[in-house]
Amino acid sequence: MSQSSQAGTIAEINRLRADNQAIILAHNYQNDEIQDLADFVGDSLALSQIAATTEAKLIIFCGVHFMAESAAILAPEKKVILPDETAGCPMAEMASAEEVLKWRDLYPHAAVVSYVNSTAAVKAVSDYCCTSANAVKLVQNIPEQEIIFLPDQNLGRYVALQLPDKLVHIWPGYCITHHRVTPENVRQAKQYQPDALVLVHPECRQEVAEMADFIGSTSQIINYVKKSLVQKFIIGTEMGILHSLQKENPQKFFYLLNPGLVCPNMKLTTIPKVLAALQNLKPEISVAPEIRLKAKTALDRMIKFV
Ligand code: 13P
Ligand code: SF4
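Throughout this document, residue positions are counted from 1 along each chain, in the order its sequence is written. The order in which chains are written sets their letters, starting at A; the order in which ligands are written sets their numbers, starting at 1. A pLDDT threshold of at least 70 governs which residues receive local features in this predicted model, and a stricter bar of 80 or more applies before side-chain atom pairs are shown or counted, although totals over entire chains, interfaces and linings include all residues. Based on all heavy atoms of the structure, the side-chain values leave hydrogens and waters out of the count.

With that settled, consider the packing of aromatic side chains. Planes of paired rings set the category: under 30 degrees apart is stacked, over 60 is edge-to-face and the rest tilted, where pairs are Phe, Tyr or Trp rings (Trp by its six-membered ring) whose centres lie within 6.5 Å. Tallied over the full model, the rule gives four aromatic pairs. Between the aromatic rings of Phe-233 and Phe-254, the centroid separation amounts to 5.8 Å while the plane-to-plane angle is 20 degrees, which identifies the pairing as stacked. Of this pair, Phe-233 sits in strand 11 (residues 232-236) while Phe-254 sits in strand 12 (residues 253-256), and the two are 21 residues apart along the sequence. With respect to burial, Phe-233 and Phe-254 carry one shared label: buried. Members of the aromatic cluster, each reached through a chain of ring pairs, are Trp-103, Tyr-107 and Trp-171. The ring of Tyr-128 carries the charged tip of Arg-301 above its face, separated from the ring centre by 4.7 Å. Each helix corresponds to a stretch of at least 4 residues labelled H or I by DSSP, and each strand to a stretch of at least 2 residues labelled E; elements are numbered beginning at the N terminus. We call a residue buried when its accessible area falls under 20% of the maximum for its residue type, exposed when it is over 50%, and partly exposed in between, using a 1.4 Å probe and counting protein chains only. Cation placement over rings: the criterion is NZ of Lys or CZ of Arg within 6 Å of the ring centroid and within 35° of the ring normal.

Right under this line is the structure:
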């Protein structure tokens with residue numbers, strides 16, 4: 001798209017956003033121009049909290065399906081639109097409600113804690129949801145000692161290691177993007193940039209997380225960099241985060257831990273698709289009432305744990 005036609009499209013988006021009392025939410029992994037357009041850019045936890053509390057009538061959710069679905073569950077009176085409805089999260093598809101119920105039978109005393117990267121049907125058979133920003137705190141504070149954690153094995157293992165008093169049964173799911181980062185990537189990056197700190201998302205493998213200086217959600221990584229006096233950072237999460245990092249810290253240097261840290265689904269949202277979403281008020285994301293009510297209990301618990 002040429003610069004002048006992009007400017008025209010953005011002007012039209014702004015007009016429709018105001019006319020529809022809409023809010024545009026963007027995840028930290030979205031394309032740079034989507035982040036610049038959004039009313040709010042954040043991690044999964046912050047975006048869910050905003051969706052639940054915003055006064056806006058219409059939410060244009062620039063992220064992936066489970067995020068828009070969580071917004072629809074938390075805010076049933078609002079219309080939630082995902083500009084590209086094919087934007088999914090492969091990890092969320094690695095657990096089904098039927099399989100979760102089988103694990104419940106296997107471990108009848110365990111509470112089911114689902115990472116927010118899961119389907120509404122899975123949330124509906126879960127006791128709690130969490131994000132990477134509050135997983136440890138939530139599991140630490142719930143009364144149950146025995147937990148089924150799903151679907152991310154890496155976040156599950158990270159939680160279990162922090163909380164040795166809890167018995168955690170870990171689901172074997174993973175994020176295809178974060179799972180490809182290897183300890184060799186960390187060794188090489190440190191060799192090239194020995195003064196840099198290594199910051200990774202807990203979706204990375206345990207061997208990678210063990211070599212990091214900091215492990216956190218996308219917004220926790222952004223906050224860590226903001227407060228740090230260090231100048232160079234090796235980033236172990238999806239490349240979209242580099243936009244906020246560079247914008248907020250123009251004097252600092254950032255290096256991606258692995259060039260494959262790209263989530264193709266997050267990149268499906270484009271400016272023309274956001275415009276089409278506002279013009280057509282679709283594709284709308286909605287959840288069947290019987291699933292929605294059960295999933296909301298688990299999600300309500302998640303957004304309270306900060
Ligand atoms: P955050 O909750 O850290 O934003 O991460 C979401 C996600 O999908 C990570 O891959
Ligand atoms: Fe899902 Fe991984 Fe993409 Fe996050 S980065 S949305 S976990 S596929």
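After that view of the structure, there is still more to cover.
Residues are counted as near a molecule or strand when any one of their heavy atoms sits within 4 Å of it. Around ligand 2, the neighbouring residues are Tyr-29, Val-64, Cys-89, Pro-90, Met-91, Asn-117, Cys-175, His-178, Glu-203, Cys-263 and Met-266. Space inside and on the surface of the protein is sampled on a 1 Å grid over the protein atoms alone, with a cavity defined as a set of points where a 1.4 Å probe fits but cannot get out and a pocket as an open set with protein on both sides within 12 Å along at least 5 of 7 lines; lining residues have an atom within 4 Å of a point. A pocket or cavity is taken to hold a molecule when more than half of that molecule's atoms are within 2 Å of the pocket's grid points. In this structure the site holding ligand 2 corresponds to the largest cavity.

Take helix 14 (residues 289-304) next. To estimate the expected span of a helix, subtract one from its residue number and multiply by 1.5 Å. Here helix 14 spans 22 Å end to end across 16 residues, near enough to the 22 Å set by a 1.5 Å rise per residue. Contacts are assigned to residue pairs that have any heavy atoms within 4.5 Å of one another. Contacts made by the buried residues of helix 14 are with helix 3 (44-53), helix 4 (65-74), helix 6 (120-124), strand 6 (128-130) and helix 7 (135-141).

The next point concerns the nonpolar core. Here, the term nonpolar core denotes a set of buried Ala, Val, Leu, Ile, Met, Phe, Trp, Tyr and Cys residues that are joined through side-chain atoms within 4.5 Å. In terms of nonpolar packing, the biggest core is built from 53 residues, with Leu-25, Phe-61, Val-113, Ile-147 and Phe-149 touching the most fellow members. For this core, the element with the most residues is helix 4, which contributes seven residues. Once you skip the residues sitting within four places of it in the chain, Phe-149 turns out to touch Val-113, Tyr-115, Cys-130, Ala-135, Leu-155, Gly-156, Val-159, Val-168, His-169, Ile-170 and Trp-171. With 17 residues, the next largest nonpolar core counts Ala-26, Ile-60, Ile-271 and Leu-278 among its residues.

Moving on to the site of ligand 1. Inspection of the region around ligand 1 gives His-27, Tyr-29, Asp-43, Ser-44, Asn-117, Ser-132, His-178, His-201, Glu-203, Ser-217 and Thr-218 as its neighbouring residues. As used in this structure description, the phrase polar contact means that two N or O atoms lie within 3.5 Å; if the pair is within protein, one of them must be able to donate a hydrogen and the other to accept it, and residues adjacent in sequence are counted only when both atoms belong to side chains. A distance of 2.8 Å is found between an oxygen atom of ligand 1 and a side-chain nitrogen or oxygen belonging to Glu-203. Interatomic distance of 2.7 Å between a side-chain N/O atom of Thr-218 and an oxygen atom of ligand 1. What sets the accessible areas is the Shrake-Rupley method with a 1.4 Å probe; for residues, cover comes only from the shown protein chains. Relative to its free-state accessible area of 300 Å², ligand 1 is covered by the protein chains to the extent of 96%. Structurally, ligand 1 is housed in the largest cavity. Each residue gets one label: Ala, Val, Leu, Ile, Met, Phe, Trp, Tyr, Cys and Pro are nonpolar, Asp, Glu, Lys and Arg are charged, and the others, such as Gly, are polar. The class makeup of the residues in the shell around ligand 1 is one nonpolar, eight polar and two charged.

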